Each structure stands twice: as structure tokens, then as C-alpha cells.
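Listed below are the residues making up each chain.
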Amino acid sequence: MKQDGIVVKKAVYIALGVIMTGEKEILVFYNIGDSESVKYWTSILNDIKNKGFIKQEYLDSGGAGKMLEKLLGKKLDNKSKPDYKDVELKVSNKNTKYPVSLISITPKNSINVNSIEYLIKNFSHNGCDEKTKNNKYINGIISTKETKYTNKNTGFKLELNKNDKKIYLLIIKNKKIISKDFYWDLNEIKEKIKYLVLVIAETKKINKITHCKYNEIMYYKLRNFDFFIDALQEGYIKVTFSIKMNENNKITYHGTRFCIDIKNLINIYMKVHIKAK
């Protein structure tokens, strides 16, 4: 291996993928000494899987995913970079009716504001009962195919623009587009979705305490970015919002996520089997 123009000896680790046709393909090639290599994934994730049920410290709908990230020593974030090198880690609950989250990326904007704060303050709806009436919310699923209304007059929709290399968040009021200031960069998305590790988890109560178990670890490689674009354009890939601001203006943000039904995942990714060699 060459390093700074000099041939040096280094131990390496090759992850071979066997795609659906049975053909072998090199998934990724790393220095074996790197703690965030494929060796890290295959060893650490399998160790966690073999622990069985683990006491879950997070009790919301994404608790199993947050618990796994804590076990891996990863801080919670919605950054535009993959979780580890070029690998994105996601957790899906067993028998869930919800789509698989591919990536979590906060939208950028062209008006130099905090995207989440601006959206929740200007385009949200209030709670519907006495307890929540002073809270503001944006939640739901949006796509290129339909408008999701956050209140009676205001809604969101996605617009893909290949020339600009952006996905715009259209803000619609009284059936007219009033803003295209918020967007996701296609190049950033492309860098973040090359490889996906999907962990299937289940939860149950043990002595009245919630525990989670990581049953299955599946590795995927993006077929081609055009497949992602096509799925987005056809409405198979959607974006979920979950933002809340209480009466004291404290914002709780659970991320904006690009999601797809698990049955459609194979349309954009190849499932691969990891082994050392």
C-alpha cells in the first residue's frame, strides 16, 4: 500500500458483499487499525446483539435507536455527514408500521435564519386540547406527490430540482407557493446514503421496565443515486417532520428524516452480506 508516495506494509480489512444475483462485490476497504472500520461494525454490533435484552434509557418512539447510539458512544445529531465514515446507521422496530428512516438532515435556507426555529414559529399549528393549546407543532409526512397541511391554510410539499441539485421545501398558503427558501442539498444526501446498516430491534417490559433487543443486522449498499432520485420523484421516499415548541418557547426537535417503506428499500439498495477475508 502506498502512503505519501512510499510503499508500506499495513494490515487491512476487506468486506465482501454478495448481492442478490449471487455475484461478489467489494463493499468497502479499510485500514484494520481504524476503530470505525467495517471490523468495528461486525464486531461491536454483533457483541451488542448477543447481549439480548438491554434496559432502555429512552422511552420515546425512537428510544431503541438512541439507546444503540449510546452503546456505540455516538452523540445524537442531525448532521449532514454519515454516522461512521460513509456508513449510515438506522434502527427499525420489529413489526413496526412506520417507514425506515434513511437519513436525518436539517433543511438549509437562503434567508440566513435558524431553519427549525423559523418554521415552528411561522408555519405550525397549536395543540387541540386544554393542556396543549399553547404549544406549537409541526409533524407529519410530506412528499413530492401531495401537500401536508400544518393548519387550515398552510402546508408543505417537496419539489425536486435536478438543475439546482436541491430538494425544496415548498411552503404553500391558500394554495399558492409563498416560499422556496428551505431546501436539502442533493450532494450532501448522496454522500450520506452510500452505505446503510439497518438494525431490527424489539422492545418489551421486564419487571415493568422497558428493555430492547437488537435481533438482526442488515447491510446495504446504494445501487445508484439515480434510484434514490426516482424514488423521491415518485413519492416512495418521503420526509417526516417532528417539531414542538412549548409556551415558554422551548423547542423539541426530533429531526427531519427521509424515509421509505421497508418493502421498497431493495429498490434503491443492494442487500449485502459482510464477512472478513
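Note that the structure is predicted; figures quoted are calculated from it, not measured.

Reading the values: the criteria
- Residues numbered from 1 in each chain as written.
- Predicted model: local features only at pLDDT ≥ 70, side-chain atom pairs only at ≥ 80, totals over all residues.
- Heavy atoms only, no water.
- Buried < 20%, exposed > 50% of the residue type's maximum accessible area, 1.4 Å probe, protein only.
- Helix = DSSP H or I, 4+ residues; strand = E, 2+ residues; numbered from the N terminus.
- Arc of directions from axis to C-beta.
- Polar contact = N/O pair within 3.5 Å; in protein donor to acceptor, adjacent residues only side chain to side chain.
- Contact = heavy atoms within 4.5 Å.
- Pairing = 2+ DSSP bridges.
- Salt bridge = Lys/Arg side-chain N within 4 Å of Asp/Glu carboxyl O.

> Help me understand helix H3 (residues 115-122) in this model?
Listed in full, the buried residues belonging to H3 are Ser 115, Ile 116, Leu 119 and Ile 120. Projected down its long axis, H3 shows its buried positions confined to an angular sector of 115 degrees, all on one face. You can read the cap of H3 off the contacts: a side-chain oxygen lies 3.2 Å from the backbone nitrogen of Ile 116, and it is on Asn 114.

> Which parts of the structure should I look at to understand the side chain of Ser 179?
Along the polypeptide, Ser 179 turns up in strand S14 (residues 176-185). A distance of 3.1 Å separates the side chain of Ser 179 from the backbone nitrogen of Asp 181, its partner in a polar contact. Dropping the residues within four chain positions of it, Ser 179 is found in contact with Leu 169, Leu 170 and Ile 171.

> Whenever I open this one, the pairing of strand S6 (residues 87-93) confuses me. Can you help?
Two faces, one strand: in a regular strand the side chains alternate between the faces of the sheet. Where burial is concerned, most of S6 is hidden: 5 out of the 7 residues are buried. Across 7 bridges, the pairing between S6 and strand S15 (residues 195-206) is parallel. Across the sheet, Val 87 pairs through a bridge with Tyr 195, a residue of S15.

> Would you mind showing me how to read the pattern of salt bridges here?
Once the charged atoms of two side chains with opposite charge are near each other, the side chains can pair. Counted under the stated rule, the structure contains 8 salt bridges. Among the ionic pairs, Lys 90 bridges to Glu 88, the shortest N-O distance being 3.3 Å. Here Glu 88 falls in the buried class, since its relative accessible area comes to 1%. As a salt-bridge pair, Glu 188 and Lys 108 come within 2.5 Å of each other at their nearest N and O atoms. In this pair, Glu 188 sits in helix H4 (residues 186-192) while Lys 108 sits in strand S8 (residues 108-109), placing the two residues 80 residues apart along the sequence. Under the relative-accessibility criterion, Glu 188 is labelled partly exposed at 21%. The class of Lys 108 is partly exposed, set by a relative accessible area of 36%. Overlapping salt bridges bring together Glu 88, Lys 90 and Lys 192 as one network.

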